[in-house]
Structure formats: structure tokens, C-alpha cells
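# A closer look at the structure
One letter stands for each residue in the lines below.
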Amino acid sequence: MSGLAEDGGLLLPRAIPRIDKETFDSWQGLTYQKLAFQIMSRFIDDIPVSDLKGLINKSYESFDHHDVAPLIHRGDLHILELFHGPTLAFKDIALQFLGNLFDYLLKKNDSYMNILGATSGDTGSAAIYGVRGKKRIKIFILHPHKRISPVQEKQMTTVVDDNVFNIAINGTFDDGQEIVKEIFGDIEFKRAHRLGAINSINWARILAQVVYYVHCCLHIAAHEKDSASAFSVPTGNFGDIFAGFIARRMLPEGIISKLILATNANDILSRFVATGDYSLKKVVRTSSPSMDIQAASNFERYLYYLFDKEPDRVKEAMQTFKTTGSLDLSDYMGHIKRDFLTTSISDKEVVDTIASFYKKHEYVLDPHTAVGVHAAMNHRTQGVPMICLATAHPAKFGETVEKAIGRPLTLPPVLADIMGREGRCVVMDADQQEIMSYLNKHAIKE
Ligand SMILES: *Cc1c(COP(=O)(O)O)cnc(C)c1O
């Protein structure tokens, strides 16, 4: 629950458990939930078995597909649909579990917490849905007033549970982010209110995401001659693809043969994989906004493995990156190229990919998924199943999708429903003091 480690670094398990071929084969036919238990219980030894099973079951009850993450086949690609949760994006898979896990731990320790975060859209709604109605948690989410899409806004503000506080600030996403950072920097305030974050660096989020890789590999092993698969993953914060990296380390050799790291025009991770140059550039706005990120928070975790598990070297590199905004890792190219392939995709290519995929297969990709699908086309190998991670429902990004397929999308019932509802939200100036006194007034206290 602590997010960062005491020295400011990220947490990782001491060791990644290995799954032998026999065990892997024995998991064939397990439900998503049962498989999740098999995987998570190898990392979690401080929650009783029946409690952990209960947490997992509860977390995926909110999904609208019995398989949780169904695999769809189109042409010679497989699409792993990760958007069947309550906010129609893949972050639900981790945040539904995280919400229940936090609630459980808080109950056990007779404690409480206040979550504070800033969002540019997707993470905020997935976090709100993860903790709505929880008695020991209140959540305060800042978003830039009138600067997020109508769907995103409604997804957050129509959640009117007593423990949910939506704050629209007169300012940009960066203003919100900055205020949140400042408030977290006020150690006394943070302690007094037991402030917690919703950032993407929580290890439990990665763990929950490892499950769908393994689930998918089992499906492929059951249906294809060869059990090797390649995955194409649209990435911004290095979270989703890092879960794939962990899954590959756990599974028997060769089950995950390739991991393709796909980025939009914010290509710091692509440049890193292609040349070893990990250096910051300005963030540009694209049609896949959930990947409009430069410094990828989970990247530090990968460095640990790149640096032969020597934390001191990771610390030194992160220090260099912090002061200079860049890292030269070209000496490690051999290693990096064994781990990943990469392509960065332009907005024009995204629209073209959505259009041609729709024409050929009558399947509508969202812009994030299209980034991964385009990259997959560049790296296909004959005979190796290629799985593209579909990270959002296309209706969440209707504008781009409409442009590509030439007609508006019908909203899925959950979205149509909230679009017609009145939301609840306070509008405030981007003023740290004002927001702190709002928190003071509404935060959960002992
Ligand atoms: C967050 C997000 C991503 C990127 O996930 P990472 O964990 O940063 O790789 C991709 N697509 C969608 C729709 C997202 O919300």
C-alpha cells in the first residue's frame, strides 16, 4: 500500500517464481479467476487462501464478459479484449482488484485512507470505480474543467457515492498534477490525512495484469500446434508491457516469444528499444491520449533486470535521469533487443489502421489498440500467433474512430446510460490552499 519504497525507489518481489511446463499445462481450462489465484498466490503469502479467492472473485464480478479478457480472432491476428470492466478500459483489470485489496487490508488493520489524484481522463474513472462505496476510503480526483472528453467527464462525475469527490479545476492537467505533487510533498498534511495515491507504480497492479498474459497463452497452447505467442502492447507508462515481461520470466521458455512495445508519437520508449537512447522530449497530444506520457514510471523496474538485479546501479541511473533528463543505454542493446521489438506509430497511421481493419474485418479498434495493431503488422512471423492487446472500447474515443470508419458508433448501454445522467462535481480554481481546505473538510478521519 505504500507505493514508493522508503528510499524513493519502486518495489519489486525478491524473486519471480518460475512455472514449469507441467504446472502450466495443469492450468489448462481454469477460469480466469482460478488462474488469477494460482498466479497471485505465488506472490502473496500474507492473505489467507479463502480471503484472496474472495477478493479475486469480487473484483471480476463487475466485468460484462464471463471470460473477463476474451480473445477474438480477426484475419491472422488475435485481439485480447481487456475492456470489459466497468469503465471500458484495461485499467479496470488492475484497479478493481486494487480497490478491493486496499479495502480488505484497511479493514484488517482497522484503518482508513484518502486517495488523491489528478487525471487527464482514464485513470481517474478506473480508480473511482475501483473504490466507490468503500467505507474506509475516500477518493478525490482532480480533472481539468471542460478539457476532458464528455464521455470521460460523465464516467467520473456520475459516480455519486458518498466517498467520491470529483473536483474540476480551472486549469490544465499539468496544473492538477502539480497541485497533487505539492500536497503529497507536505509530509505533515499527508500523514494527518493518510493520503494515498492511485499512480501506476503499485506492484499489485502489475501483478493483476500478469494474469491475462498467462490466460491468453493457455488459450493459444490449447488451440495452436505450437505454444509460442507474440504480444503487441500499446504502452505509455511501461506498465502493461512490464506485466508481459514478468509473465515471460515466469512461464516456461519460449511460451512468450516476442514482446512488441508500441508507442504513439511520444516515443521515448521506442527510441530506447531501438537505440538505447532514453531521453525526455516534450509531450505531444495524440489521438491515443492515455499514452501521451514521456517519463515512464515503470521503466525503473525494467532497469533492475537490465542491470543484473543490482539496485545501486538502478538508483544511480535514476539519479542521472532526474538531473539530466536522459540516459544512454546503448551498451545494453544486445540485451534490450532480446527483450523487446518496437515501433512508434503516427496519428495518421492510427486512423488508417482503424479504417483498414474495419473494412477488412468489420471490427472497430480504439486508437490505443490501433497503435499496437499497426506495430504488430510490422513484426509478424509466419506461424507464430500474434496477440494484440485491446486496451479500450472504441466508443470511449468516438471522435477519432468516427473519422476513420466514416460513421458514428452506437454507444454501449453503460455509456449511453451515463451520458443522460446528471453528474456531481465541484469546480475550483487551481489553488493548492483552496483544495487543501476542501480535503480537510471532507476527508475521512478516525
Ligand atoms: C493506460 C492506458 C494505456 C497504456 O498503459 P501502460 O500501462 O502505460 O502501458 C494504453 N491504453 C489505454 C486505453 C490506457 O488507458
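Computed from a predicted structure; not experimentally measured.

## A short note on the layout of surface pockets
Of the voids in this model, the second largest pocket is the one considered here, and its volume is about 530 Å³. Forming the walls of the second largest pocket are 22 residues, and the residues nearest its centre are M1, I44, D46, W203 and A204. Mapped by element, the contributors of at least two residues to the lining of the second largest pocket are α4 (91–108) and α9 (203–223). Looking at the lining of the second largest pocket element by element, the count peaks at five residues for α4. In terms of residue class, the lining of the second largest pocket is made up of 16 nonpolar, three polar and three charged.

## Topic: the site of the ligand
With respect to spatial proximity, 15 residues lie near the ligand, and among them F90, K91, N237, D240 and T391 are the closest. The backbone of G236 places a nitrogen or oxygen atom 3.4 Å from an oxygen atom of the ligand. Measuring from an oxygen atom of the ligand, one finds a backbone N or O atom of N237 at 2.6 Å. Expressed as a share of its isolated accessible area of 390 Å², the protein-covered part of the ligand is 96%. Of the residues that constitute the shell around the ligand, the class distribution is five nonpolar, seven polar and three charged.

## A look at the pattern of salt bridges
Considering all chains together, one arrives at twelve salt bridges under this definition. The salt bridge involving D76 is made with R380; its shortest N-O contact spans 3.0 Å. Here R380 lies in the loop between α16 (367–378) and β12 (386–390) and D76 lies in the loop between β1 (71–74) and β2 (77–81), a separation of 304 residues in the sequence. According to the relative accessible area criterion, R380 is partly exposed, its value standing at 37%. Several salt bridges converge on common partners, so that one network encompasses D267, R271 and D277.

## A few points about the environment of V284
Along the chain, V284 turns up in the loop between β9 (277–279) and α12 (299–306). For V284, a relative accessible area of 37% gives the class partly exposed. Taking the C-alpha atoms as reference points, V284 and A265, separated by 19 residues in sequence, lie 7.2 Å from one another. Those residues in contact with V284 that lie beyond four places of it in its chain are A265, N266 and D292.

## A look at a negative patch on the surface
A surface patch of like charges, here negative, comprises D174, D175, E178 and E182. With respect to the helices, strands and loops of the structure, E182 is situated in helix α7 (residues 173–185). According to the relative accessible area criterion, E182 is partly exposed, its value standing at 40%.

## Some words on the sheet that holds strand β4 (residues 137–144)
Here we have five strands laid out as an open sheet, ordered β6-β3-β4-β5-β13, and parallel in their pairing. Each having just a single partner strand, β6 (195–196) and β13 (426–429) make up the two edges of the open sheet. As paired strands, β4 and strand β5 (residues 164–170) are joined by six bridges and run parallel to one another. Paired with F140 across the strands is F165, a residue of β5. Lying over the sheet, helix α5 (residues 122–131) contacts β3 (113–118), β4 and β5, oriented at roughly 165° with respect to β4. In the packing of helix α19 (residues 432–442) onto the sheet, the strands contacted are β3, β4, β5 and β13, and the crossing angle to β13 comes to about 140°.

## Brief notes about unusual backbone geometry
Look at D110: it is not a glycine, yet its phi comes out positive at around 45°. D110 sits in the exposed class, given a relative accessible area of 55%. Even without being glycine, K309 reaches a positive phi, approximately 60°. Of note, K309 is situated in the loop between α12 and α13 (311–324).

## Observations regarding the sheet that holds β12
Taken together, six strands build an open sheet; the order of strands is β1-β2-β12-β7-β8-β11 and the sheet is mixed. Each having just a single partner strand, β1 and β11 (341–344) make up the two edges of the open sheet. Each strand axis lies, on average, 25° off the axis of its neighbour in the sheet, ignoring direction. As paired strands, strand β7 (residues 229–234) and strand β8 (residues 256–263) are joined by six bridges and run parallel to one another. Along β8, the bridge assignment pairs F231 with L259. With respect to the sheet, helix α10 (residues 239–250) is in contact with β7, β8 and β12, its orientation differing from that of β8 by roughly 170°. Along the sheet face, α16 touches β2, β7, β8, β11 and β12 and points at about 165° away from the line of β12.

Conventions used here
Residues numbered from 1 in each chain as written. Predicted model: local features only at pLDDT ≥ 70, side-chain atom pairs only at ≥ 80, totals over all residues. Heavy atoms only, no water. 1 Å grid on protein atoms, 1.4 Å probe; cavity = no way out; pocket = protein on both sides within 12 Å on 5 of 7 lines; lining within 4 Å. Points joined across faces, edges and corners; volume = space filled by probe spheres on them. Helix = DSSP H or I, 4+ residues; strand = E, 2+ residues; numbered from the N terminus. Nonpolar A, V, L, I, M, F, W, Y, C, P; charged D, E, K, R; others polar. Near = heavy atom within 4 Å. Polar contact = N/O pair within 3.5 Å; in protein donor to acceptor, adjacent residues only side chain to side chain. Areas by Shrake-Rupley, 256 points an atom, 1.4 Å probe, with all protein chains shown as cover. Salt bridge = Lys/Arg side-chain N within 4 Å of Asp/Glu carboxyl O. Buried < 20%, exposed > 50% of the residue type's maximum accessible area, 1.4 Å probe, protein only. Contact = heavy atoms within 4.5 Å. Patch = residues over 30% accessible without salt bridge, like charges linked within 9 Å, V, L, I, M, F, W, Y side chains within 5 Å. Lys, Arg positive; Asp, Glu negative; His and termini not counted. Charge placed at Lys NZ, Arg CZ, Asp CG, Glu CD. Pairing = 2+ DSSP bridges. Axes fitted to C-alpha atoms, helices over the stretch in contact; angles between N-to-C directions.

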